[in-house]
Amino acid sequence: MSIIRKRSAAHKAYLPGNVRDNQYILAEFTLTDEMLQRFSGKYSDLKPQKYYDFYQQLSTIFFQLTEDVELKNCQFIANDKLARVRFSQEMHQWQTNQQILFYYNPESHQLKKSFFDGSKRANKICLLFLATGSEIRVNAARFHSRVSQVVQKFCEKIQLDKSDMRLRDHQHLTYDLFAKNKGCTTTQPHKLREIKKRYASQDVQLPTYHSAMSYAVVTLNISNKLLQQVEIDSHSQDPYNPLYTYLTDIFTMAAKHYNLNNGALIANGLVPIVRYSIHEIVSRVGELQMLGYNPEQSPCGIISKWRAGELADSIHFIFVATPENNSEYGFGQFLNQIEQAMQLMAVELEIEPSKEELMVRFHQHIAYNF
């Protein structure tokens, strides 16, 4: 094997053959007074649900445009809830006060649906596009291109300045770190190139000014066996402090051992949301744990967030990539470092690979004003 091929192989991540890939794109814009005035015939203060006809008109335009380019899984959202997408063999949507979770199988599920309350004015309107088919990552650039066509025509139809539309392309790979121990014998090599380079290789160009993030979230469910490794005083005001301190110490040790210096441990029952931010942000917003990172800055170090008085169902370990983690080949080596760190944690925590899961979700995001 040549030196070049050896170097390339060293930067590949070999993921289980049953790895799942997802892609969804969000197009968001602010609902302004000017837009309501343009659709004044679809809006009336005299109606109990004064925004219903307005939302219905926009969603009709949206769904018609998606038909023209054969996009089969699209959602119109006007209730200011955060859209999150996950794989499931059964298709359903689950709403909380702040989120809409879409569970679906890209190979078999298709749905077009609107989510809004006709009596309430939303701050933003979101157009959600869910990728379908069996070759999600291979066809990601083509999917992005088709979505862009729809968004451009939608802006023209509703007379919205394109610069007021924000496009967010989310892609992730999900797999059990211990899939091999459960009988999955095949692997898939991935270089995990950044989205911009992958798209450019298929003649899909992104705007010069866009933000990009790559990160991994590893989820560990709390087990009785894990609880038995620390002394928990149920009569204490902070009975689970020893557990979270123990996990933080091991997480920090494993991360630093493999030179991973930009991450977080979340064990407070909140949903971690990682976003690009010029300045580092760690804040709670209702049921969400917001983590803002600027990948171009120096690593922020390891942080931990937990509630010592409550036992979380699961622990989330987050690793955020920096430019140093993005080689000329991609993020493959970065994901390998994460896997090695989590394998070390698994040994320290006496996790049984054949019985327990460590779910790894590797995210790649881009965002830009359309």
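Residues numbered from 1 in each chain as written. Predicted model: local features only at pLDDT ≥ 70, side-chain atom pairs only at ≥ 80, totals over all residues. Heavy atoms only, no water.

### Brief notes about the confidence of the model for the protein chain
The following threshold applies: For every residue, the predictor assigns a confidence score, pLDDT, that lies between 0 and 100. Only heavy atoms enter the contact rule, under which two residues are in contact if any of them lie within 4.5 Å.
In this model, the protein chain carries a mean pLDDT of 92, and residues with pLDDT of at least 70 account for 97%. Low confidence marks residues 1-7, where pLDDT is under 50. Its contacts with residues over four positions away, or in another chain, come to three contacts.

### Digging into the pairing of strand β14 (residues 281-285)
Look at any regular strand and the pattern is simple: side chains alternate between the two faces of the sheet. The condition is simple: For two strands to count as paired, DSSP must find a minimum of two bridges between them. Every helix listed is a DSSP run of H or I at least four residues long, and every strand listed is a run of E at least two residues long, numbered separately from the N terminus.
Sheet topology places β14 next to strand β15 (residues 288-293); five bridges connect them, and they run antiparallel. Directly across from Ile281, in β15, lies its bridge partner Gly292. Here β14 hands over to β15 after two residues, with Gly286 in that stretch at a positive phi of 65°.

### Side note on the environment of Ser163
Rule in force here: Relative accessibility thresholds used throughout: buried, under 20% of the residue-type maximum; exposed, over 50%; partly exposed, between the two (1.4 Å probe, protein chains only).
Tracing the backbone shows Ser163 in the loop between α4 (140-157) and β9 (166-176). According to the relative accessible area criterion, Ser163 is partly exposed, its value standing at 41%. Spatially, the C-alpha atoms of Ser163 and Phe370 are 5.3 Å apart, while their sequence positions differ by 207 residues. Other than its neighbours up to four places away in sequence, Ser163 contacts Asn369 and Phe370.

### Concerning the side chain of Glu356
Applied cut-off: The sign given to each residue is positive for Lys and Arg and negative for Asp and Glu; His and the chain ends receive no count. A carboxyl oxygen of Asp or Glu within 4 Å of a side-chain nitrogen of Lys or Arg is what we treat as a salt bridge.
Structurally, Glu356 is set in the loop between α8 (332-348) and β18 (358-369). In this structure, Glu356 is buried with no salt-bridge partner, the nearest side chain bearing the opposite charge being Lys225 at 5.0 Å. Look past the residues within four positions of Glu356 in its chain and what remains in contact with it is Asp176, Phe178, Lys182, Ser223, Glu350 and Ile351.

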